[in-house]
Amino acid sequence: MTPRFSSATLLHFVLASAILVAVPVAAVSAQHHKPRAAVHKHKPATSGEPATATDANGVPVLASKAWVLMDFNTGQVLASSNPDEPLPPASLTKMMTSYLVEQGLKSGKLKPNEPVTMSLSAWCRGGKEGDSCMFVPLNAQASLMDMLRGVVIDSGNDASKALAEHVGGSEAGFVAKMNAEAAKLGMTHTHFANAAGLPDPNNKASARDLAVLAQAIIRNSADYYPIYSEREFTYNGIKQGNRNALLYTDPTVDGLKTGHTEEAGYCLAASAKRNGMRLISVIMNTSSAQARADQTRVLFNWGFSNFEEATPAQAGATLTNAKVLYGVAPTVAAGIDQAWTLVVPKGQGAAVKASISMNPELEAPISKGAVIGKIVAIANGKQIGEAPIIALAAVERAGFFERMRQRVAGWFSK
């Protein structure tokens, strides 16, 4: 059937054609052209939250294959669906690539301005529609920091491979480092097969593992984490926008990474901080870029609305003075080595109480940091967590005569 057009539609077509004809076409060298970035102009997601179903417990029901919402400080998973199923992570793989580079910078093994070469095996061949490329020319060099931005912001497959070859000697060598670091972080349902997240049956990761990786980036790569919130990056005259739509619509979101392949669907690992509380969300295998942004927004709004953090004990504070037998001092200050934070339902933070129990018959010598008891958090009559209590100071063993004096005194005190 021949399509029919209204006169208004025909007029718009004629005007658009005239404008296109009037635009001069630049001559392009076949050998040194700058490819156009493919679909890298960002279209912000709408700020309105879509209606979302909830289960019997009020937890959102999302149309994605797997997802996790984690509290950053504690690592506590607030809600999830299929959190440990290994799935194709697409470009969420690049979080491990960038993390290893960041840790190399942090240790001093890598330098921000050291040159990284774009090899033939890493080079993007043309930048056709859908490619994720930084567009460094073949055999050209870019600084390591530019390459890092090419990974994080541009999601460049070329930058990922070039950095892998630079740091690991080869991509295979770098992948071995990726898997070693994954094991170190406790990512038990993850195995990497390449540095960019390209389709490979052996490249799998779980939503929970990717949340753990995001937590490590935020905590251990603090100096470089701001890169994950940068909205655009221009290299070689090509400006590309960050694909994380929430960076444009939610000022509390400051990272991390998107991913997409036909097999993996649309994925997003993101983090947001509101009123001092930080949450991490991972969405895997949903239907569109809009859906991954909408579902992440739903999780953040639900999490921040329903939970709060409580801190029953501060790091280094003396919780009690424990009695010590046969020491040069009769007691030792006891506490915890880092602030102990728990996530509780909204409004229950003030109701959290702490109960302390010490190991019986503590005898010197006691080293600083030795576990000598535990603290238990209780809310509404239920235990919600516990943490070890340590000696905040060392206590040396007393001499023979002092020990005998204490022993005799103990007999008479019974």
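Chemist: I tried to follow the overall build of the chain on my own but got confused; where do I start?
Modeler: The helix and strand tally for the chain stands at nine helices and 16 strands. Going through the 414 residues of the chain one by one, you find that 46% of them count as buried. Restricting the contact set of the chain to residue pairs at least 6 apart, pairs at least 24 apart contribute 65%.

Chemist: What exactly am I supposed to notice about the sheet that holds strand 16 (residues 382-391) here?
Modeler: Remark on secondary structure: sheet strands pair via backbone hydrogen bonds, oriented parallel or antiparallel. Strand order across the open sheet formed by five strands is 11-12-16-15-14, with antiparallel pairing between neighbours. Looking at which strands have only one partner, the edges of the open sheet turn out to be strand 11 (320-323) and strand 14 (353-358). Strand after strand, the sheet turns through a mean of 35° between neighbouring axes, direction not considered. Pairing of strand 15 (residues 371-379) with strand 16 involves eight bridges; the strand directions are antiparallel. Bridge assignment links I378 to a residue of strand 16, and that residue is Q383.

Chemist: Would you mind going over unusual backbone geometry with me for this structure?
Modeler: What is expected of a backbone is that most residues other than glycine have negative phi and most peptide bonds are trans. With an omega dihedral of 15°, the bond running from G255 to L256 counts as a cis peptide bond. Residue P365 is bonded to the preceding A364 through a cis peptide linkage, with omega at 5°. On the secondary structure map, P365 appears in the loop between strand 14 and strand 15. Although it is not a glycine, N236 sits at a positive phi angle of roughly 55°. On the accessibility criterion, N236 (29% relative accessible area) is partly exposed.

Chemist: I tried to follow the pairing of strand 7 (residues 253-261) on my own but got confused; where do I start?
Modeler: The side chains of a regular strand alternate, first on one face of the sheet and then on the other. Strand 7 sits mainly inside the fold: eight of its nine residues count as buried. Note: strand 7 against strand 8 (residues 265-274), eight bridges, orientation antiparallel. Paired with L256 across the strands is A270, a residue of strand 8. What sits between the antiparallel neighbours strand 7 and strand 8 is a turn of three residues.

Chemist: Which parts of the structure should I look at to understand the sheet that holds strand 1 (residues 66-71)?
Modeler: As summarised here, the arrangement of the five strands in space is 2-1-9-8-7, forming an open sheet in which the pairing is antiparallel. With partners counted over all chains shown, the strands left at the sheet margins are strand 2 (77-81) and strand 7, one partner each. Strand after strand, the sheet turns through a mean of 5° between neighbouring axes, direction not considered.

Chemist: Mind showing me how you'd approach the packing of aromatic side chains here?
Modeler: Under the criterion given, the structure shown has three aromatic pairs. Between F300 and F304, the aromatic rings sit 6.3 Å apart at their centres with planes inclined by 40°, giving tilted as the arrangement. Linking F300 with F304, this pair stays in helix 8 (residues 289-306), spanning four residues, or about one helical turn. Neither residue differs from the other here; F300 and F304 are each classed as buried. Taking 5.4 Å as the distance between ring centres and 70° as the angle between the ring planes, the aromatic pair formed by W302 and F307 counts as edge-to-face.

Chemist: Would you take a moment to explain helix 2 (residues 94-107) for this structure?
Modeler: Taking 1.5 Å of rise per residue, 14 residues should cover 20 Å, and helix 2 covers 20 Å from first to last C-alpha, within 8% of that figure. By the criterion of burial, helix 2 is predominantly enclosed, with 11 of the 14 residues buried. Taken residue by residue, helix 2 has K94, M95, M96, T97, S98, Y99, L100, V101, E102, G104 and L105 as its buried positions. Summarising the contacts, the buried residues of helix 2 are in contact with helix 3 (144-152), helix 4 (157-168), helix 5 (171-185), helix 6 (207-220), strand 7 and strand 8.

Chemist: Just to check I follow, could you spell out the pattern of salt bridges for this structure?
Modeler: Think of it this way: side chains of opposite charge can pair up when their charged atoms draw near. Counted according to the given criterion, the structure contains six salt bridges. Residues E386 and K374 are paired through a salt bridge, measuring 3.8 Å at the closest nitrogen-oxygen approach. On the criterion of sequence distance, the pair formed by E386 in strand 16 and K374 in strand 15 is long-range, its members being 12 residues apart. A relative accessible area of 45% places E386 in the partly exposed class.

Chemist: Honestly, the nonpolar core in this entry has me stumped. Any pointers?
Modeler: A general tendency of soluble globular proteins is for nonpolar side chains to be buried together. M96 and M147 are the most contacted members of the largest nonpolar core, which totals 61 residues. Here M96 is in contact with M178, E181, A182, L185, M187, F192 and L213, once residues within four sequence places are set aside. Listed in part, the 24 residues of the second largest apolar core include W67, L78, A272 and V298.

Chemist: Can you walk me through the packing of helix 3 against helix 4 in this structure?
Modeler: Pairs of packed helices are described in terms of their axes, by the angle between the two and the distance that separates them. In the contact formed by helix 3 and helix 4, the axes pass within 8 Å of each other and the chain directions differ by 135°. Our classification of the angle between helix 3 and helix 4 gives oblique. Two packed elements cross with a definite hand, and for helix 3 against helix 4 that hand is left-handed. Between helix 3, through L144, M147, L148, G150 and V151, and helix 4, the contact on the second element is made entirely by A159, S160, A162, L163 and H166. Partitioned by chemical class, the residues of the contact of helix 3 with helix 4 number seven nonpolar, three polar and no charged.

Chemist: Whenever I open this one, the side chain of K161 confuses me. Can you help?
Modeler: Position of K161 relative to the elements: it lies in helix 4. It is E171 that comes nearest to the buried, bridge-free K161 among opposite-charge side chains, at 5.6 Å. K161 has contacts with S121, A122, E171 and L198, leaving out every residue within four places of it along the chain.

About the thresholds
- Residues numbered from 1 in each chain as written.
- Predicted model: local features only at pLDDT ≥ 70, side-chain atom pairs only at ≥ 80, totals over all residues.
- Heavy atoms only, no water.
- Helix = DSSP H or I, 4+ residues; strand = E, 2+ residues; numbered from the N terminus.
- Buried < 20%, exposed > 50% of the residue type's maximum accessible area, 1.4 Å probe, protein only.
- Contact = heavy atoms within 4.5 Å.
- Pairing = 2+ DSSP bridges.
- Axes fitted to C-alpha atoms, helices over the stretch in contact; angles between N-to-C directions.
- Phe/Tyr/Trp six-rings, centres within 6.5 Å; stacked < 30°, edge-to-face > 60°.
- Expected span 1.5 Å × (residues − 1).
- Salt bridge = Lys/Arg side-chain N within 4 Å of Asp/Glu carboxyl O.
- Core = buried A, V, L, I, M, F, W, Y, C linked by side-chain atoms within 4.5 Å.
- Parallel < 35°, antiparallel > 145°, perpendicular 65-115°, else oblique.
- Left-handed = near helix turned anticlockwise from the far one by under 90°.
- Nonpolar A, V, L, I, M, F, W, Y, C, P; charged D, E, K, R; others polar.
- Lys, Arg positive; Asp, Glu negative; His and termini not counted.

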